[in-house]
Amino acid sequence: MKGRRVTTSPFPISGYHGRVLEADLTSGAVRVVPLDPAQAMDYLGGRGLATRILYDTIDPACDPLGPGNAVVIAMSPLVGSNAPTAGRGHMVFKSPLTGVLGTSNSGGHWGAGFKATGHDVLVVKGAASSPVMIDISPEKVEILPADRYWGLTTHETHDQLAEDAGPGKPARVLCIGPAGESLVRFAAVANDRNRVYGRCGPGAVWGAKKLKAVRVRGREKVAPSDPEKYKSGLDQAVYLLKQAPVTKRLLRELGTAGLVELINLISMLPHRNFQDCLHRDEDVERISGERLARAFLEKAGSCALCPIGCQRHTRVAGRDGRDERGEGPEYETMVLLGPVCDVYDMEAVTRANYRCNEMGLDTISFGGTLACAMELFETGALTAADTGGLGLSFGNAEALEGLVAMTARREGFGAELAEGSFRLAGRFGRPELSMTVKRLEIPAYDPRASLTQALGYMTSPSGACHLRGGYAVSLAFFGGAKEIPRFSLLQSPIAIRNMQNAGILQDSLGVCRFTGYAFSAEPWARMAGGMTGRDLSVARLEEIENRVATLERQFNVEAGAGPADDALPARFAEAPITVEGKERRVSREDQERMRRDYYRVRGWDADGRPTGELLRALRIETRRG
């Protein structure tokens, strides 16, 4: 099963190779098709381009675990350059967890490694009958048997495939672990051992296709069409990254875990499956970024071309007394495996994080699902007879590590956890205990403490996601000139639209969200314009952002989603928390108002459907014409 590279004429836009690599796992065929230049300019790269190609490739109503689903990974014209943080790939698919658009990206070095193979996009279709891998090298592209790697952890797979590439042939590996093989609905895809495409269950889609890994080796480069314009944006970006306190110091010193104390200070740190935001100060200190840096950090690390260095390479004592080493935990992992489960044991959380990385699990969905199980257990909806004798009361740190492996391999009660909290809570008769939007577990910011964050969760195309929804914490507390009140019903729809658009741009350029703490679109406009030699002004980039947001919505509409899916769990409307001395909730009336105003700001109709007029104005071709 192999395919030779098909040569294409030189692509007319710098920064792109002009090649889309398609692998059909059902037939074993591999081919290279030309990238459409107009499509490249309309959707840019990364998230935007991947979403356009996915929409054109599959029926949004397809079975996410069937051969009709596809995985699309796209790079941007900046990936492969020396633009800061521009090494990220973006993966889209129909999510087996949510039933709507799955969208996830990852740092590390795999994205730049794939771009160096001379391709801009990878499309994987169909399903193999037995385990396979895709091997992409300068000489050829092959679909190879992968039976010998099936069952291995992500670390074992990475190391073995890198070694098998041969001496003097450095390779980058993207792979699934046992969780993906077992079709865990929130399984991740890992690269560089501990970098992950985590959210929405891409690993389960790979597992259903019997795709174990994609290994890349390449040496092709890109060069700017207008070096002077490109360099002016690059120099400004690098300067600002070195000046902004968050990117210059905070993230390098504490990593994302440095947010724990801050988010607690603003009454937004969730506790016990989002029942409240109440924590003892001494407990928060035990799982803070400061303690991680003091007691567990070995060194900081970076993704490709990143001057920030937020990675945490850590060490913790294992249960056998011997030291274990790995990466993280990051903020989201710390909180979802920690206080959301009423656990403040840094050692237990760190070991569970290591196991999730090795087995290939999204730590946010795993933590949210485990917290749901704990509340089910404490309410009596779930009993020891259901769990195989496991006591799942809140605060049970001992359960964390063992349940990772059980969930990843669907063993015992792990098979129930593997379905995610929405299906788990429904199965045991308490659907209201699933803290999800569009069936995706909510990240580590309580929406009752910020209406902007609440609306971001509600309207995220992939479900409850702080990144895809709009990172409202930064708007309310370190947004600088862009800062807005966190309880503003009037400003939240426009603010979230703008934040979501900023995220679409970053995801489509293949750059890190943290650059947004130092600068906004203008340096990127000059870098992208200088690279491509085309008009990519800030205004043109805003048009692309709106086009991508609308196409994502169109995908979800065709997948069956509607206004009822743009809502928070009942808990956030009914059970208040105390913020700055006042009781705060997100009432159904406030949700309806924000949702209505957001649809209007987006140019969608009252049911959240993109109008025909808007689709024509944005030049979006759809199945309905």
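The rules we used
- Residues numbered from 1 in each chain as written.
- Predicted model: local features only at pLDDT ≥ 70, side-chain atom pairs only at ≥ 80, totals over all residues.
- Heavy atoms only, no water.
- Axes fitted to C-alpha atoms, helices over the stretch in contact; angles between N-to-C directions.
- Helix = DSSP H or I, 4+ residues; strand = E, 2+ residues; numbered from the N terminus.
- Parallel < 35°, antiparallel > 145°, perpendicular 65-115°, else oblique.
- Left-handed = near helix turned anticlockwise from the far one by under 90°.
- Contact = heavy atoms within 4.5 Å.
- Buried < 20%, exposed > 50% of the residue type's maximum accessible area, 1.4 Å probe, protein only.
- Pairing = 2+ DSSP bridges.
- Domains from an automatic or database assignment.
- Buried area = accessible area lost by both parts, 1.4 Å probe.
- Polar contact = N/O pair within 3.5 Å; in protein donor to acceptor, adjacent residues only side chain to side chain.
- Nonpolar A, V, L, I, M, F, W, Y, C, P; charged D, E, K, R; others polar.
- Phe/Tyr/Trp six-rings, centres within 6.5 Å; stacked < 30°, edge-to-face > 60°.
- Expected span 1.5 Å × (residues − 1).
- Salt bridge = Lys/Arg side-chain N within 4 Å of Asp/Glu carboxyl O.

### Some details on the packing of helix α7 (residues 227-243) against helix α23 (residues 521-532)
- At a minimum axis separation of 7 Å, α7 and α23 run at an interaxial angle of 150°. Accordingly, the angle class assigned to the pair α7 and α23 is roughly antiparallel. In the packing of α7 onto α23, the handedness of the crossing is left-handed. Taken together, the residues of α23 that come into contact with α7 (itself represented by Lys229, Tyr230, Ser232, Gly233, Leu234, Gln236 and Ala237) are Glu522, Pro523, Arg526, Met527, Gly529, Gly530 and Met531.

### Describing the environment of Asp281
- With respect to the helices and strands, Asp281 occurs in helix α10 (residues 281-286).
- Given the relative accessible area of 58%, Asp281 is considered exposed.
- For the pair Asp281 and Tyr354, spaced 73 residues apart in sequence, the C-alpha to C-alpha distance is 26 Å.

### Topic: the sheet that holds strand β16 (residues 323-327)
- In spatial order, the strands read β14-β15-β16; together these three strands make up an open sheet with antiparallel pairing. Each edge of the open sheet is held by one strand with a lone partner, namely β14 (297-301) and β16. Neighbour-to-neighbour, the strand axes of the sheet open up by a mean angle of 20°, direction not taken into account.
- Two strands pair when backbone bridges link them, and strand β15 (residues 311-317) and β16 are joined in this way by five bridges, in the antiparallel orientation. The residue of β16 that forms the bridge with His313 is Glu327.

### Concerning the domain arrangement of the chain
- The domain architecture assigned to the chain consists of domain 1 (2-216), domain 2 (256-440) and domain 3 (450-517 + 537-617).
- If you average the C-alpha positions of domain 1 and of domain 2, the two centres end up 28 Å apart.
- With 34 residues of domain 1 in contact, the opposing surface of domain 2 contributes 31 residues.
- In this assembly, domain 1 packs against domain 2 so that about 2,700 Å² is buried in total across both faces, 57% of it on carbon and sulfur atoms.
- Our count for the domain 1 to domain 2 interface comes out at 17 residue pairs in polar contact (both at pLDDT 80 or more).
- Counting only elements with at least two residues in the side of domain 1 that touches domain 2, the list comes to α4 (154-164) and α5 (178-181).
- Residue classes in the side of domain 1 that touches domain 2 are distributed as 14 nonpolar, 16 polar and four charged.

### A few points about the packing of aromatic side chains
- Taken as a whole, this structure holds eight aromatic pairs when the rule is applied.
- With centroids separated by 5.4 Å and ring planes inclined at 10°, the aromatic side chains of Trp110 and Phe114 adopt a geometry described as stacked. You can see Trp110 and its partner Phe114 sitting in helix α3 (residues 110-115), four residues apart, about one turn around the helix. Phe114 carries the same exposure label as Trp110, and that label is buried.

### Digging into the side chain of Gln506
- With respect to the element layout, Gln506 can be found in helix α22 (residues 492-509).
- Setting aside residues no more than four positions away along its own chain, Gln506 makes contact with Val511, Cys512, Arg513, Thr515 and Gly516.

### Observations regarding helix α2 (residues 46-57)
- Compared with the 16 Å implied by 1.5 Å per residue over twelve residues, the 16 Å span of α2 between its first and last C-alpha is a close match.
- Burial analysis of α2 places ten of its twelve residues in the buried class, which makes it a mostly covered element.
- Along α2, the residues that are buried comprise Gly46, Arg47, Gly48, Leu49, Ala50, Thr51, Arg52, Ile53, Leu54 and Tyr55.

### Let's talk about the pattern of salt bridges
- Summed over the entire model, instances satisfying the criterion amount to 57 salt bridges.
- The closest approach of N and O atoms between Arg319 and Glu401, which form a salt bridge, is 3.0 Å. Placement of Arg319 in the loop between β15 and β16 and of Glu401 in helix α16 (residues 397-408) is noted, with a sequence separation of 82 residues between them.
- Classification of Glu401 by relative accessible area gives buried; the value is 15%.
- Two residues, Arg619 and Glu543, come together in a salt bridge whose shortest N-O distance is 3.5 Å. Separated by 76 residues along the polypeptide, Arg619 in the segment after α27 (612-617) and Glu543 in helix α24 (residues 538-559) bring together distant segments of the chain.

### Remarks on the environment of Tyr55
- One can find Tyr55 in helix α2.
- The class for Tyr55 is buried, based on a relative accessible area of 2%.
- Between the C-alpha atoms of Tyr55 and Arg486, which are 431 residues apart in sequence, the distance is 35 Å.
- Non-local contacts of Tyr55, meaning those with residues more than four positions away in its chain, are made with Pro60, Leu551, Gln554, Phe555, Glu558, Glu621, Thr622 and Arg623.

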